[in-house]
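Close look at the chain arrangement
This is what each chain is made of:
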Amino acid sequence: MRVLHALRRAKNGPKANYLQGRLFGMSRSGTEFGGPMRQRSGWLIPLAVFVITAGLSAGVLLFYFAPSAPELVEEQRAPTEATSLVNLRIGGQNFHVPSNYLPFASARKGGAVREVALEALLPDLDGYSLGAADAFGSNGPDSRLMNMLIRSDRTTLSEDERLTRVYMPLVTSPNGASALFGLTKYNFRSDTGYRNEELFVGETANGRVTLRCTMASAITPAPSCLREMPLAPGLSFSYRFKRVHLERWREIDADLRALIAAFMDKV
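Quick look at the structure, then. What you see is a predicted model, and the numbers here were worked out from it, not measured in a lab. (Residues numbered from 1 in each chain as written. Predicted model: local features only at pLDDT ≥ 70, side-chain atom pairs only at ≥ 80, totals over all residues. Heavy atoms only, no water.)

1. Section: the packing of aromatic side chains
According to the stated counting rule, one finds 7 aromatic pairs in the structure shown. Measuring from centroid to centroid gives 5.2 Å for Tyr128 and Phe136, while their planes differ by 70 degrees, and the two rings are edge-to-face. By relative accessible area, Tyr128 is classed as buried at 11%. With a relative accessible area of 2%, Phe136 lands in the buried category. For the ring pair Tyr239 and Phe241, a centre distance of 6.2 Å and an interplane angle of 20 degrees mean the geometry is stacked. As far as burial versus exposure is concerned, Tyr239 and Phe241 are alike and both buried. Ring pairs connect the aromatic residues Tyr167, Phe188 and Tyr194, which therefore count as one cluster. (Phe/Tyr/Trp six-rings, centres within 6.5 Å; stacked < 30°, edge-to-face > 60°. Buried < 20%, exposed > 50% of the residue type's maximum accessible area, 1.4 Å probe, protein only.)

2. Observations regarding the side chain of Ser236
The topology assignment puts Ser236 in strand β11 (residues 235-242). For Ser236, the residues in contact, after removing those within four places along its chain, are Leu149, Ile150, Arg151, Asp153, Thr156, Met229, Pro230 and Leu231. (Helix = DSSP H or I, 4+ residues; strand = E, 2+ residues; numbered from the N terminus. Contact = heavy atoms within 4.5 Å.)

Okay, here's the thing in structure tokens:
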């Protein structure tokens, strides 16, 4: 109102022109261009749409790709000295395993599973007991713990196939060298993923035994040996023991075959 009164007083003079310009400028800023409030509202709506869309997209991704509860936390060992049999079905094969050979409580629920881990102590392949708890918890270089895994696997290679198709192309010499305990040793090339391991091959009445053994080092103070083999159609079997027990590779092979066969045969 004060501006209008000033216009009337100044009429058509220079001051009137100046005041008219100020008035019309304010009108354009407040109406034609929406003023500061309308300019702000122009980007608030797209921002809100972006936030909502991003939230919905994140929800969809979490629903489809987030790990399930069991995957978020790795199951811890919970061995028992109970010897009650657990009925398991792996790859179409029934097993009846004493509870004290199953270190994970989930496996002791029984039923159909894709794989199952087992543990036993050398030299007699005994299952867990409270008296041997320290031995089962040891991971030192002279540990007597034997780790085993039975897994459903339709593409398991025989040991002969694994040796010729997987390992031999990666060794420094196809002839190998005679080693202790009736084994032949092969060295892996330094440009392979097995460069910190050695390959040992032995022959038994049941066929070939192929073992990959890590070499002792500052990074691997407790080296171990691993064997992978088919157990039955659609089933693979692997076991691992400390390298210090390599001299018993024949007895380990024979004893494990008898143990697993007993688990498969029990009713």
